[in-house]
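Working through the structure, step by step
Residue-level listing of the chains:
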Amino acid sequence: MNQQKMPPALLRLIVIFPNVLSYLLLFGLIIFVMTNYETLKATNNLTVWIIFIVVLAPAAAYTTFSIVKKIRAGHM
């Protein structure tokens, strides 16, 4: 079987675009929590949103690190 390889520019775009979206989601969550801090604290929902931020931040950072590592190694 002869598989066609995807062009590196398209592969980078397909991999980097969701990573950028995860950073936008992270910053949106941070802004949401900052603007609604008192309401979230009063309704005991602050912990849930903080957990979302704590889980998403390292995941986005690790994905960025692995993308940069693959690009430097020449795989993308």
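If you're wondering where the values come from, they're calculated on a predicted model, not measured in any experiment. (Residues numbered from 1 in each chain as written. Predicted model: local features only at pLDDT ≥ 70, side-chain atom pairs only at ≥ 80, totals over all residues. Heavy atoms only, no water.)

The helix and strand inventory of the protein stands at 3 helices and 0 strands. Its C-alpha radius of gyration of 18 Å places the protein more than 25% over the 11 Å reference for a compact globule of 76 residues. Its C-alpha atoms give the protein principal-axis dimensions of about 60 × 20 × 15 Å. Within the protein, buried positions represent 17% of all 76 residues. (Helix = DSSP H or I, 4+ residues; strand = E, 2+ residues; numbered from the N terminus. Rg over C-alpha atoms; globule rule 2.2 N^0.38 Å. Buried < 20%, exposed > 50% of the residue type's maximum accessible area, 1.4 Å probe, protein only.)

This next bit is on the UniProt feature "transmembrane region" (unreviewed entry) in the protein. As annotated by UniProt and renumbered to match this structure, "transmembrane region" (unreviewed entry) occupies residues 9-34 and 46-68. Helix makes up 100% of residues 9-34 and strand 0%. Its end C-alpha atoms lie 37 Å apart. The straight-line gap between the two end C-alpha atoms of residues 46-68 is 33 Å; of that span, 100% is helix and 0% is strand. (UniProt positions renumbered as here; feature names shortened; annotations may be inferred.)

Right, let's get into the packing of aromatic side chains. Tallied over the entire structure, the rule returns 3 aromatic pairs. When the centroid spacing of 4.8 Å and the interplanar angle of 55° are considered together, the rings of F32 and W49 count as tilted. Placement of F32 in helix α1 (residues 8-35) and of W49 in helix α3 (residues 46-73) is noted, with a sequence separation of 17 residues between them. The partly exposed category is assigned to F32, whose relative accessible area is 32%. Assessed through its relative accessible area of 25%, W49 is described here as partly exposed. The structure contains a cluster of three or more aromatic residues connected by ring pairs, namely F32, W49 and F52. (Phe/Tyr/Trp six-rings, centres within 6.5 Å; stacked < 30°, edge-to-face > 60°.)

Positionally, S22 belongs in helix α1. Given the relative accessible area of 16%, S22 is considered buried. From its side chain, S22 meets the backbone oxygen of N19 in a polar contact 2.6 Å long. In contact with S22, not counting residues within four places along its chain, are L56 and A60. (Polar contact = N/O pair within 3.5 Å; in protein donor to acceptor, adjacent residues only side chain to side chain. Contact = heavy atoms within 4.5 Å.)

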